[in-house]
Amino acid sequence: DTAVSQTPKYLVTQMGNDKSIKCEQNLGHDTMYWYKQDSKKFLKIMFSYNNKELIINETVPNRFSPKSPDKAHLNLHINSLELGDSAVYFCASSQAGLAGADTQYFGPGTRLTVL
Amino acid sequence: AQSVTQPDIHITVSEGASLELRCNYSYGATPYLFWYVQSPGQGLQLLLKYFSGDTLVQGIKGFEAEFKRSQSSFNLRKPSVHWSDAAEYFCAVGGNTDKLIFGTGTRLQVFP
């Protein structure tokens, strides 16, 4: 049973396209996150949602729009993809809403390559 | 501002040898400290965490870490490394009202 799952695992696309990454957790957690890991493995939070409410919104271009239809799902839509968006995107979840204190459970990642 | 420094980008050890991965943090209040491990092609998995109390924390897979407030450090240790421990290790710091900040990671290679 996969706790945090993401689809797709790999995504290769052209500049200017719009794409979405989906995330689902079956842990019953209230909070979900999106992280971006760049080519140097640096991991940085992008967004967090608690019970479908946006809690953390880092300095991310507004081409990135998270959507949480329910507390078990957090999708990431990216408009007008740019070369610099190439990275691995991780979804994570935690039981409560304390991003800096809770144990976070990570999905396997989505490797996005923009050509 | 909070930050995490992992001074070693890459460490190589022989199987069976002891291991210490360094982590230094900067945080204005009482920190919440974490070590996560990322195996190739996988997401991150929590090894251990420190909130308060005993400064020596035991984690999964035989890992432990020691919180030293005076040195602002939270180093990860393992007495005997196994080949399956080869992975990327991330130290992270957070708090009750803050997001989690990750270090840049230490890549561990294990030779037979």
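Residues numbered from 1 in each chain as written. Chains lettered and ligands numbered in written order. Predicted model: local features only at pLDDT ≥ 70, side-chain atom pairs only at ≥ 80, totals over all residues. Heavy atoms only, no water.

A. Seen up close, the nonpolar core. In this structure, Trp35(B), Leu48(B), Leu76(B) and Tyr89(B) are the most contacted members of the largest nonpolar core, which totals 28 residues. Secondary-structure elements contributing two or more residues to this core are strand E2 (10–14), strand E3 (19–21), strand E5 (32–38), strand E6 (44–50), strand E8 (64–68), strand E9 (73–78), strand E10 (87–95) and strand E12 (106–111) of chain B. Counting 20 residues, the second largest nonpolar core, distinct from the first, contains Val88(A), Phe106(A), Tyr32(B) and Ala92(B). (Core = buried A, V, L, I, M, F, W, Y, C linked by side-chain atoms within 4.5 Å. Buried < 20%, exposed > 50% of the residue type's maximum accessible area, 1.4 Å probe, protein only. Helix = DSSP H or I, 4+ residues; strand = E, 2+ residues; numbered from the N terminus.)

B. Summary view of the interface of chain A and chain B. With 21 residues of chain A at the contact, the number on the chain B side is 21 residues. Both sides of the chain A and chain B interface together cover about 1600 Å² of buried area, and 56% of this is carbon and sulfur. Put simply, chain A and chain B have one salt bridge between them. Notably, a salt bridge pairs Lys99(B) with Glu58(A), separated by 3.7 Å at the nearest N-O pair. In this structure, the connection of chain A to chain B is made through five residue pairs in polar contact (both at pLDDT 80 or more). Counting residues per element, the ones that place at least two in the side of chain A that touches chain B are strand E4 (31–37) and strand E5 (43–50) of chain A. Of the residues in the side of chain A that touches chain B, the class split is eleven nonpolar, five polar and five charged. (Contact = heavy atoms within 4.5 Å. Buried area = accessible area lost by both parts, 1.4 Å probe. Salt bridge = Lys/Arg side-chain N within 4 Å of Asp/Glu carboxyl O. Polar contact = N/O pair within 3.5 Å; in protein donor to acceptor, adjacent residues only side chain to side chain. Nonpolar A, V, L, I, M, F, W, Y, C, P; charged D, E, K, R; others polar.)

C. Looking closely at the side chain of Arg63(A). Residue and element names in this part refer to chain A. Assignment of secondary structure puts Arg 63 in the loop between strand E6 (53–57) and strand E7 (64–70). Looking at Arg 63, its side chain comes within polar contact range of the side chain of Asp 85, at 2.8 Å. In contact with Arg 63, not counting residues within four places along its chain, are His 77, Ile 78, Asn 79, Ser 80, Leu 81, Glu 82 and Asp 85.

Geometric descriptors of this kind do not, in isolation, establish any biological role.
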